[in-house]
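Structure at a glance
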Amino acid sequence: MVKSTDFIALATASLKNDKDCVRNICKVLASREKEGSQLKRNLNNLLSKFSNDGQHQINLVELNPKIKGLVYSVSSDVTVEDLALSSVIVEKVTTFIQEIKQKDQLADYGFSNSNKVMLSGPSGCGKTSLAIALSNELELPLYVLDFTQVISSFLGTTGAKLADVFRNLPSPCVLLVDEIDTVLTERSNQQTNKSDCGEAARIVTTLLIEIERLNSDIVLVGATNHPQMLDSAVGRRFDTHLCFEAPDSKIRQQWYSKFIQSKQNVEWDKLNIDLSTGNSIAELKLHVESVAKAWVLKQVC
């Protein structure tokens, strides 16, 4: 348990810009926490991500002016271990990470590593969280394609912007293209007028070409809630596919056990938590937090 004196010491060291002292205090705080506690994991994750000079290893470099505003950075300390994932997905994710980390060794044997993964499944199942966790495990910055800025009503502009993003990303990094079906919809199913249909087809073709040519040092993560809408050529461009199913009781309990570790002041055994609530972990989290916050308000009022 963090004491007020620990907090004051940490604040004092931070205000003095004494990075070594801050690091040492964090180590002490982590050592005092119980095994498996969320705070202990978070502190150890932070300590492992900072080098000896106190600089974060995942540095965001200055973006090329051509893609400023077309992508934005996302950061969090979440790791694969923090997520509630099926054993099948964990195994595939672990292999994917190992291939990237050991790409030079694979090359010695004449093999190229995987660097493109497609995540599919219902909304709220953890696709974005997994992309963030991947960037942390690989110690690479994560950029997200901003479709609101990329998609344009001007003929030919959208494809040009997409090409700019893929050709001017800082390397190495992780690029998340969420809701990728927005631009990679099956070309044969496009039911718009001829000019719009032709433009949509050109956008799909452009993006598929850019994915094919992507720098091997860039990890591409595609995510979709509607895999059936994707163009049939998309699957061949991604070497790893992870399909998220609606969480079963085991996954729900796994998530709940990890979640309550980070909220140890709540008397969870006294709460009536229905772990079957919602169709996704995101909906379950809203339910759990709602019940817990109602309990907290009764204690303080």
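Along the chain, the regular secondary structure elements total 12 helices and six strands. When each of the 301 residues of the chain is scored for burial, the buried share is 41%. Contacts in the chain between residues far apart in sequence, at least 24 positions, make up 75% of those at least 6 positions apart.

All right, on to helix α4 (residues 87–101) then. The terminal C-alpha atoms of α4 lie 21 Å apart, and with 15 residues this matches the ideal 21 Å at 1.5 Å per residue to within 8%. Each element contacted by the buried residues of α4 is listed here: α5 (103–108), β2 (116–120), α6 (127–138), β5 (218–224) and β6 (240–243).

This part is about the pairing of β2. Counting buried positions along β2 yields five of five residues, so the element is predominantly enclosed. On β2, burial covers both faces: K116, M118 and S120 on one face and V117 and L119 on the other are all buried. Across five bridges, β2 lies against β5 in parallel orientation. Looking at the pairing, M118 lines up with G222 of β5. Taken together, the four bridges between β2 and β6 define a ladder with parallel strand orientation. When the bridges of β6 are listed, L119 appears paired with L242.

It is worth spelling out the pattern of salt bridges at this point. By the definition in use, this model includes four salt bridges. We note a salt bridge from E210 to R167, for which the minimum N-O separation is 2.7 Å. Separated by 43 residues along the polypeptide, E210 in helix α9 (residues 194–212) and R167 in helix α8 (residues 157–168) bring together distant segments of the chain. Under the relative-accessibility criterion, R167 is labelled exposed at 56%.

Turning our eyes to something else, we now look at the packing of helix α11 (residues 249–261) against helix α12 (residues 281–300). One way to put it is that α11 packs onto α12 with a least axis distance of 11 Å and a crossing angle of 45°. For the element pair α11 / α12, the angle class is oblique. For α11 against α12, the interelement crossing comes out right-handed. Touching I251, R252, W255, Y256 and F259 of α11 are I281, L284, K285, V288 and E289, all from α12. Split by residue class, the contact of α11 with α12 holds seven nonpolar, no polar and three charged.

Residue placement: F259 occurs in helix α11. Note on F259: relative accessible area 10%, which makes it buried. Along the backbone, F259 and D82 are 177 residues apart, and their C-alpha atoms lie at a distance of 8.8 Å. With near-sequence residues (within four places) excluded, F259 lies in contact with W268, K285, V288 and E289.

On to the environment of Q264, then. Mapped onto the elements of the fold, Q264 is located in the loop between α11 and α12. The sequence separation of Q264 and S37 amounts to 227 residues, and the corresponding C-alpha distance is 8.7 Å. Within the structure, Q264 has its side chain in polar contact with the backbone oxygen of Q261 (distance 3.1 Å).

Another point: the nonpolar core. By size, the foremost hydrophobic cluster in this structure holds 31 residues, and its most contacted members are V71, L145, V165, F166, L175, L184 and L220. Looking at this core, the elements that each hand over two or more residues are β3 (142–145), α7 (147–150), α8, β4 (173–177), α9 and β5. Residue contributions to this core peak at five residues, all from α9. Among residues more than four places away in sequence, those in contact with F166 are L175, L207, E210, I211, L214 and L220. Listed in part, the 28 residues of the second largest apolar core include V78, L134, V219 and L242.

Procedures and definitions
Residues numbered from 1 in each chain as written. Predicted model: local features only at pLDDT ≥ 70, side-chain atom pairs only at ≥ 80, totals over all residues. Heavy atoms only, no water. Helix = DSSP H or I, 4+ residues; strand = E, 2+ residues; numbered from the N terminus. Buried < 20%, exposed > 50% of the residue type's maximum accessible area, 1.4 Å probe, protein only. Contact = heavy atoms within 4.5 Å. Expected span 1.5 Å × (residues − 1). Pairing = 2+ DSSP bridges. Salt bridge = Lys/Arg side-chain N within 4 Å of Asp/Glu carboxyl O. Axes fitted to C-alpha atoms, helices over the stretch in contact; angles between N-to-C directions. Parallel < 35°, antiparallel > 145°, perpendicular 65-115°, else oblique. Left-handed = near helix turned anticlockwise from the far one by under 90°. Nonpolar A, V, L, I, M, F, W, Y, C, P; charged D, E, K, R; others polar. Polar contact = N/O pair within 3.5 Å; in protein donor to acceptor, adjacent residues only side chain to side chain. Core = buried A, V, L, I, M, F, W, Y, C linked by side-chain atoms within 4.5 Å.

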